[in-house]
Amino acid sequence: AQRVTQPEKLLSVFKGAPVELKCNYSYSGSPELFWYVQYSRQRLQLLLRHISRESIKGFTADLNKGETSFHLKKPFAQEEDSAMYYCALSVDSSYKLIFGSGTRLLVRP
Amino acid sequence: GAVVSQHPSWVICKSGTSVKIECRSLDFQATTMFWYRQFPKQSLMLMATSNEGSKATYEQGVEKDKFLINHASLTLSTLTVTSAHPEDSSFYICSARSRGGANVLTFGAGSRLTVL
């Protein structure tokens, strides 16, 4: 069965510290992975997708098929990065997304 | 950029009544829309996939007679919660994929339903 696991409910770091939000997936097919972010009182929005291999707001994520992981990283966290982060898996050709349970990132000053 | 609007953003209703939530793509045509449900402090649970002009595809465990989905046009999908009960109280979120667009979804702001 398809599944996305985000083991940390809350990740608290100080400003300037490195951040890694973990995401593991379970899918027998060819996965397409995403990270979505939800800032306080705002709607869910796309942060990045693995096929783009881009860096958005200093965040990067590399798909590791061997470890079935798609961890989100940023070398130096900023206070404005505080938000809820969801890892998501797109399955088959239906474009529907399976979401992880989310990780709340809190960046302290 | 692409914008998805949901209405109402918050609704309170009595048990046994039906409530309709609208999801509109404002500046693009959405061939496919998805409806999610989110419980407090939990993740988004996919309820159904709505394709324009055809019947919705429901996820396992979601009652199609309870949650009626209609996608009559390329810019509008509606979710009707029929005979609502307090356990239907939740946050309902829609998302849309643009016609011919990449595999990227645009999300609405969500609709909070409270059933008394």
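The structure we're discussing is the one just above.
Moving on to the sheet that holds strand E8 (residues 72–74) of chain A. Residues and elements named next belong to chain A. Pairing is antiparallel in the open sheet, where three strands are placed in the order E3-E8-E7. Looking at which strands have only one partner, the edges of the open sheet turn out to be strand E3 (19–21) and strand E7 (60–61). Sheet topology note: the E3/E8 ladder contains three bridges and is antiparallel. Within the sheet, the bridge partner assigned to Val-19 lies in E8 and is Lys-74.

What follows is about the interface of chain A and chain B. Tallying the contact residues gives 16 residues for chain A and 19 residues for chain B. In total, chain A and chain B occlude about 1,500 Å² of area from one another, counting both sides; carbon and sulfur atoms represent 55% of this. Contact with chain B buries surface across chain A, with A:Arg43, A:Tyr95 and A:Lys96 losing the most and accounting together for 39% of the total. Linking chain A to chain B there are one salt bridge. Where B:Glu59 meets A:Lys96, a salt bridge forms, and the shortest distance between an N and an O atom there is 3.0 Å. Where chain A packs against chain B, one counts seven residue pairs in polar contact (both at pLDDT 80 or more). A total of three residues in the side of chain A that touches chain B trace back to one element, the largest contributor, which is strand E5 (residues 32–38) of chain A. In terms of residue class, the side of chain A that touches chain B is made up of eight nonpolar, four polar and four charged.

Our focus in this paragraph is the nonpolar core. The biggest cluster of nonpolar side chains holds 26 residues, and the ones touching the most others in it are A:Trp35, A:Leu72 and A:Tyr85. Every element with two or more residues in this core is listed here: strand E2 (10–14), E3, E5, strand E6 (45–49), strand E9 (83–90) and strand E11 (103–108) of chain A. Ranked by residue count, the leading element in this core is E9(A), at four residues. Setting aside residues no more than four positions away along its own chain, A:Tyr85 makes contact with A:Gln6, A:Leu21, A:Trp35, A:Tyr36, A:Val37, A:Leu47, A:Phe59, A:Leu72, A:Gly102, A:Thr103 and A:Leu105. Judged by nonpolar contacts, the second largest core, of 24 residues, contains B:Cys23, B:Phe28, B:Ile69 and B:Val115.

In this section: the sheet that holds strand E3 (residues 19–25) of chain B. Residues and elements named next belong to chain B. On the basis of which strands lie adjacent, the open sheet formed by four strands has the order E1-E3-E8-E7 and antiparallel pairing. Two strands close off the open sheet at either side, each with one partner strand: strand E1 (4–7) and strand E7 (67–73). On average, each strand axis in the sheet is tilted by 15° relative to the strand beside it, whichever way the strands run. Bridge count for E3 against strand E8 (residues 76–81) is six bridges, and the pairing is antiparallel.

Reading guide: rules and limits
- Residues numbered from 1 in each chain as written.
- Chains lettered and ligands numbered in written order.
- Predicted model: local features only at pLDDT ≥ 70, side-chain atom pairs only at ≥ 80, totals over all residues.
- Heavy atoms only, no water.
- Pairing = 2+ DSSP bridges.
- Helix = DSSP H or I, 4+ residues; strand = E, 2+ residues; numbered from the N terminus.
- Contact = heavy atoms within 4.5 Å.
- Buried area = accessible area lost by both parts, 1.4 Å probe.
- Salt bridge = Lys/Arg side-chain N within 4 Å of Asp/Glu carboxyl O.
- Polar contact = N/O pair within 3.5 Å; in protein donor to acceptor, adjacent residues only side chain to side chain.
- Nonpolar A, V, L, I, M, F, W, Y, C, P; charged D, E, K, R; others polar.
- Core = buried A, V, L, I, M, F, W, Y, C linked by side-chain atoms within 4.5 Å.
- Buried < 20%, exposed > 50% of the residue type's maximum accessible area, 1.4 Å probe, protein only.
- Axes fitted to C-alpha atoms, helices over the stretch in contact; angles between N-to-C directions.

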